[in-house]
Amino acid sequence: MELLNIFIKSIFIDNMVFAFFFGMCSYIAVSKSVKTALGLGAAVTFVMVMTVPLNYLLYQYVLKAGALSWAGLADVDLSFLSFIVFIASIAAFVQLVEMIVEKYSPSLYSQLGIFLPLIAVNCAIMGGSLFMQQKVDGGELSSFVETVVYGLGSGLGWWLAIVMMAAIREKTTYSHIPAALKGPGIAFIITGLMGIAFMIFSGIQFDTQKNKEVAEKVEVVEQAPAEAAPAAADTYNENL
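Counting restarts for each chain: residues are numbered from 1 in the order of the written sequence. Since the coordinates come from a predicted model, pLDDT governs what is reported: local features require at least 70, and pairs of side-chain atoms require 80 or more to be given and counted, while whole-chain, interface and lining totals use all residues. Computation of side-chain values covers all heavy atoms of the structure but excludes hydrogens and water.

Caption draft 1: Inspection of the nonpolar core at higher detail. Residues belong to one nonpolar core when they are buried, are Ala, Val, Leu, Ile, Met, Phe, Trp, Tyr or Cys, and are joined through side-chain atoms within 4.5 Å. Burial classes: relative accessible area under 20% of the type maximum marks a residue as buried, over 50% as exposed, and values in between as partly exposed (1.4 Å probe, protein chains only). Y27, I119 and W158 are the most contacted members of the largest nonpolar core, which has 50 residues in total. Those elements that provide at least two residues to this core are α2 (24-30), α3 (34-63), α4 (82-104), α5 (106-112), α6 (123-138), α7 (144-172) and α8 (184-198). Sort the elements by how many residues they give to this core and α3 lands first, with 10 residues. The contact criterion used throughout is that any non-hydrogen atoms of two residues lie within 4.5 Å. Apart from the residues lying within four places of it in its own chain, the contact partners of I119 are L40, A43, V44, V47, I90, V94 and I125. Only DSSP runs of H or I reaching four residues or more are called helices, and only runs of E reaching two or more are called strands; each is numbered from the N terminus.

Caption draft 2: Representation of the side chain of T36. With respect to the element layout, T36 can be found in helix α3. For T36, a relative accessible area of 9% gives the class buried. Setting aside residues up to four positions removed in sequence, T36 forms contacts with V30, L108, Q111 and L112.

Caption draft 3: Spotlight on helix α1 (residues 2-13). Multiplying 1.5 Å by the helix residue count minus one yields the expected span of that helix. In a regular helix each residue adds 1.5 Å, so 12 residues correspond to 16 Å; α1 covers 15 Å between its end C-alpha atoms and thus fits that length. Every buried residue of α1 is listed here: N5, I6, S10, I11 and I13. Buried residues belonging to α1 abut α7 and α8.

Caption draft 4: Looking closely at the packing of α3 against α7. The angle between two axes is taken between their N-to-C directions and runs from 0 to 180 degrees, where each axis is a line fitted to C-alpha atoms and a helix contributes only its stretch in contact. At a closest axis distance of 8 Å, the pairing of α3 and α7 adopts a crossing angle of 165 degrees. On the basis of the axis angle, α3 is roughly antiparallel to α7. Between α3 and α7 lies a crossing of right-handed hand. In this classification, Asp, Glu, Lys and Arg are treated as charged, Ala, Val, Leu, Ile, Met, Phe, Trp, Tyr, Cys and Pro as nonpolar, and every other residue, Gly included, as polar. Here the residues of the contact of α3 with α7 are counted per class, giving 23 nonpolar, six polar and one charged. The labels follow the angle: roughly parallel below 35 degrees, roughly antiparallel above 145, roughly perpendicular from 65 to 115, and oblique for the rest. Crossing handedness follows the turn of the near helix against the far one: under a right angle anticlockwise gives a left-handed crossing, and clockwise gives a right-handed one.

Caption draft 5: Expanded view of unusual backbone geometry. Its identity is not glycine, yet F21 carries a phi of approximately 55 degrees, on the positive side. Mapped onto the secondary structure, F21 falls in the loop between α1 and α2. For F21, a relative accessible area of 41% puts it in the partly exposed group.

Caption draft 6: Inspection of the pattern of salt bridges at higher detail. Salt bridges are defined as contacts in which a side-chain nitrogen from Lys or Arg sits within 4 Å of a carboxyl oxygen from Asp or Glu. This model, assessed by the stated rule, comprises three salt bridges. E140 serves as the salt-bridge partner of K9, at 3.9 Å between the closest nitrogen and oxygen. Of this pair, K9 sits in helix α1 while E140 is found in the loop between α6 and α7, placing the two residues 131 residues apart along the sequence. Overall, the relative accessible area of 38% leaves E140 in the partly exposed class. Residue K135 pairs with E140 through a salt bridge whose shortest N-O separation is 3.3 Å.

Caption draft 7: Structural context of the environment of M132. Within the secondary structure, M132 sits in helix α6. Separated by 79 residues in the primary sequence, M132 and P53 have C-alpha atoms spaced 8.8 Å apart. What M132 contacts, discounting residues up to four positions off in sequence, is V52, N55, Y56, F86, L141, T147 and Y150.

Caption draft 8: Representation of the packing of aromatic side chains. Pairing of aromatic side chains requires ring centres within 6.5 Å, counting the rings of Phe and Tyr and the six-membered ring of Trp. Pairs whose planes differ by under 30 degrees are stacked, by over 60 edge-to-face, and all others tilted. Considering all chains together, one arrives at seven aromatic pairs under this definition. Ring plane angle 40 degrees and centroid distance 4.6 Å describe the contact between F20 and F131, whose orientation is recorded as tilted. Remark: F131 occurs in helix α6 and F20 occurs in the loop between α1 and α2; sequence separation between them is 111 residues. Taking relative accessible area as the criterion, F131 reaches 18% and is therefore assigned buried. Geometrically, the ring pair formed by F22 and F131 is stacked, given 5.8 Å between the ring centres and 15 degrees between the ring planes. Remark: F131 occurs in helix α6 and F22 occurs in the loop between α1 and α2; sequence separation between them is 109 residues. The class of F22 is partly exposed, set by a relative accessible area of 23%. Put simply, the rings of F12, F18, F198 and F201 pair up and form one aromatic cluster. Cation over ring: K103 sits above Y104, and NZ or CZ is 5.8 Å from the ring centre. Both a distance and an angle decide whether a charge sits over a ring: NZ of Lys or CZ of Arg must be within 6 Å of the ring centre and within 35 degrees of the ring normal.

Laid out in structure tokens, this is it:
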């Protein structure tokens, strides 16, 4: 059940495009046709599925403070290298995807053009790894399998967003749009409206064990000042 919650939340609630507006460069540029959007979305999803779990292992066993305790270096903290290491792993898998697409789908490779190698600097993919790091530190993700599910859901969320945009933009080709709004202008407006529509999913509450533990901790923190107030008042009265 926990894995399903992570999967659904990463697609609809924490959607990389509609919630955080990550990966907008290729999202706007490549969403002119559904076929091209499907290809780029599949490539981004593959890279995220592979890099988020890989970066989790690197962070958990190499970069995190105390992660090198298995090597007798418990005091070493390499977390400041997270950006460089994450980008390197992402670039390696993007190169792999580029070679595969070029070999087995030359037409898609030519349609994607420069935007395929630019996946390496797609902030949606980098954001997936950085959010993973944040969620690991916050206790929301605690296992390798959960990071795989989170990477898959985040990639599918971006894929869903770009395919939906491509389908709408194909329809707008036959619409009467003011000249000033043609192209990226109307695309940004549509993206904003879709982002507002996706906000409805933010009201979904998952009754999970982790959420209960977080709620209990918040309740304890909120009760602490209230319990301390009467004691402080008594001390003040005694001093008077």
